[in-house]
Amino acid sequence: MEETKKVSLYDNAVKQFDRAARIMELDRNLREVLIKPKRELTVNFPVRMDDGSIKVFTGYRVQHNVSRGPAKGGIRYHPDVTLDEVKALAFWMTWKSAVVDIPYGGAKGGVTVDPFKLSDSELEKLSRRFFSEIQIIIGEEKDIPAPDVNTNGQIMSWYMDTYSMNIGHTTLGIVTGKPLEIGGSEGRTEATGRGVNICIEEAVKYLRDRGKLNKKDEAITVAIQGFGNVGSYLALTLTEETKYRLVAISDYSGGFYKESGFTAEEIRRLMDRTRNRKALLLDVNKEGYKEITNEELLKLDVDVFAPCAMENAINEDNADDIRAKLIVEGANGPLTPEADDILLSKNVFIVPDFLANSGGVTVSYFEWVQGLQWNFWELEDIRKALHKKMKNAFCDVAQTMDKYEVDMRTAAYVRAIERVANATKLRGIYP
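Just so it is clear, the model here is predicted, and its values are computed rather than measured. (Residues numbered from 1 in each chain as written. Predicted model: local features only at pLDDT ≥ 70, side-chain atom pairs only at ≥ 80, totals over all residues. Heavy atoms only, no water.)

1. A look at the UniProt feature "binding site: substrate" (unreviewed entry) in the chain
Working step 1: According to UniProt, the "binding site: substrate" (unreviewed entry) feature falls on Lys72, Lys96 and Ser364. For the annotated residues, spread through 293 residues, the largest C-alpha to C-alpha distance comes to 12.6 Å, consistent with a single compact locus.
Working step 2: Here Lys96 lies in helix H3 (residues 83-99).
Working step 3: Judged by relative accessible area, Lys96 falls into the buried class, the value being 6%.
Working step 4: In this view, Lys96 contacts Asn332, Phe354, Asn357, Ser358 and Val361; residues no more than four positions away in its chain are not counted. (UniProt positions renumbered as here; feature names shortened; annotations may be inferred. Helix = DSSP H or I, 4+ residues; strand = E, 2+ residues; numbered from the N terminus. Buried < 20%, exposed > 50% of the residue type's maximum accessible area, 1.4 Å probe, protein only. Contact = heavy atoms within 4.5 Å.)

See below:
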């Protein structure tokens, strides 16, 4: 029996890039420069486990492009982390920073590990050793990591302390996503989910203005796939600050449907119950809820669908099941190119990941600036600045979409590529 070839996330990312590059007639030499990562670091490092044994783990840090500023991107801990995945995520970070117009290039990192199988002591030792290993290519003016899948403020604290101890002084700007007590920023934890919510609101306005959505806010229904940091804070901001009706949420174990819509109080309770690595369906008062599977969630007759789980969650096998007419991507790469084609053929309006979820890197940029200056902003100032950045980015991409008569993902790539290509041409090839 012939073995099925695993889909390359990086190849998928390059396909999306090439679609935009052809439309904008990008110079072939520039294409070669822009699709290749600048630097790929693989490290294999030992960690002493609690029982005295030694285990060797593999980690990665990829810097894709630094033409517009230092590299920026999260670090994830997951058993399926590969170099191909990290390359793709670093690639997307370049365009994410460019599309929202902040002075960063793209980077990403990861360790191939199931962190839930480690004790707190083992997790700390792994984190500190990994950060020491990649220290040769990072710095607050070179590459600034952040949280990603299965990493959090505590791990960022260990990273910051490790780097600071190694160089001999406290360096607040070396990572973002830190706790407030040690140089973190107000509004950082909620930022990605809040940014997705802003994009939903802007997309609804855009579709209304063109006569493609005629419902009032109260009648607009939303389903969210994924209840991690992004999905949960999207659910919270959506229920607290809009009149849209959130009718379905899910995590890896399944989901809930509530026809009348979830309240902000219910979302807060669910967030509290899932904070300690519990599945969404555990220990929940199910009164008023209907349990559904993730497959059933995709098939719901809703207006807005926000995939906020893992990459490639929507593919050619299930894309046709989706009935929503607006998709706003909270996760990185949740739609494969094949799924994109299927949904676009059904006239589904898609707000791409590297625009929709750029709220996180935007507030990370605010945190970095605050850390460099040792001067910290108020929460309302953070939210106001984020809203302005996200709204401007959405409008900028929408204008590009109308100009080239393309879908929004392609338009976002065009706008981001223009910015990075112009910076590359202005800086030139050295020597």
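2. Some details on the sheet that holds strand E11 (residues 326-328)
Working step 1: If you walk across this open sheet you meet the 7 strands as E9-E8-E7-E6-E10-E11-E12, and the pairing is mixed. Each edge of the open sheet is held by one strand with a lone partner, namely strand E9 (290-292) and strand E12 (349-351). The average angle at which neighbouring strand axes cross in this sheet is 20 degrees, direction not considered.
Working step 2: In this sheet, strand E8 (residues 254-257) lies alongside strand E7 (residues 245-251) in antiparallel orientation, the contact comprising 4 bridges. Counterpart to Asp251 in the pairing with E8 is Gly254.
Working step 3: Strand contacts of helix H6 (residues 191-209): strand E10 (304-307), E11 and E12, with the helix running at about 155 degrees to E11, the strand carrying the most contacts.
Working step 4: Its contacts with the sheet place helix H7 (residues 229-241) against strand E6 (221-225), E7 and E10, and it is angled at close to 160 degrees to E6. (Pairing = 2+ DSSP bridges. Axes fitted to C-alpha atoms, helices over the stretch in contact; angles between N-to-C directions.)

3. Observations concerning the UniProt feature "site: Important for catalysis" (unreviewed entry) in the chain
Working step 1: This chain's UniProt record puts "site: Important for catalysis" (unreviewed entry) on Asp148.
Working step 2: Relative to the helices and strands, Asp148 is located in the loop between strand E5 (143-147) and helix H5 (153-167).
Working step 3: In this structure Asp148 comes out as buried when scored by relative accessible area, which is 17%.
Working step 4: At a separation of 2.8 Å, a polar atom in the side chain of Asp148 contacts the side chain of Lys108. (Polar contact = N/O pair within 3.5 Å; in protein donor to acceptor, adjacent residues only side chain to side chain.)

4. A short note on the side chain of Glu190
Working step 1: Relative to the helices and strands, Glu190 resides in the loop between H5 and H6.
Working step 2: The class of Glu190 is buried, set by a relative accessible area of 11%.
Working step 3: Ignoring anything within four residues of it in the chain, the contact list for Glu190 reads Tyr233, Leu379 and Arg383.

5. Things to note about the nonpolar core
Across soluble globular proteins, nonpolar side chains show a tendency to be buried alongside one another.
Working step 1: Among the nonpolar cores identified, the biggest contains 88 residues, and Phe17, Trp95 and Val351 are the most heavily contacted of them.
Working step 2: Of the residues that make up this core, three or more belong to each of domain 1 (38-182) and domain 2 (189-356).
Working step 3: Filtering out sequence-adjacent residues up to four positions away, Phe17 remains in contact with Leu26, Arg31, Leu34, Ile35, Phe91, Trp95, Tyr413 and Ile417.
Working step 4: Of all hydrophobic cores here, the second largest spans 27 residues; its members include Leu126, Ile155, Met156 and Tyr163. (Core = buried A, V, L, I, M, F, W, Y, C linked by side-chain atoms within 4.5 Å. Domains from an automatic or database assignment.)

6. Topic: the pairing of strand E3 (residues 71-78)
Working step 1: Summarising burial for E3: 8 of the 8 residues are buried, a large majority.
Working step 2: Note that E3 and strand E4 (residues 105-112) share 6 bridges and pair parallel. Note on E4: the bridge partner recorded for Arg76 is Gly110.
Working step 3: Relative to E5, E3 runs parallel, the two being bridged by 5 bridges. Its bridge partner lying in E5, Ala71 is registered against Asp143.

7. Quick word on the domain arrangement of the chain
Working step 1: Here the domain parsing of the chain yields domain 1 (38-182) and domain 2 (189-356).
Working step 2: Taking only C-alpha atoms, the centre of domain 1 and the centre of domain 2 are 28 Å apart.
Working step 3: Contact with domain 1, which involves 14 residues of that partner, is made by 8 residues of domain 2.
Working step 4: At the junction of domain 1 and domain 2, the tally comes to 1 salt bridge.
Working step 5: Ionic pairing is found between Arg76 and Glu311, a salt bridge with its closest N-O pair at 3.4 Å.
Working step 6: Secondary-structure elements contributing two or more residues to the side of domain 1 that touches domain 2 are E3 and H3.
Working step 7: With 6 residues, H3 is the single largest residue contributor to the side of domain 1 that touches domain 2.
Working step 8: For the side of domain 1 that touches domain 2, a count of residues per class yields 8 nonpolar, 1 polar and 5 charged. (Salt bridge = Lys/Arg side-chain N within 4 Å of Asp/Glu carboxyl O. Nonpolar A, V, L, I, M, F, W, Y, C, P; charged D, E, K, R; others polar.)

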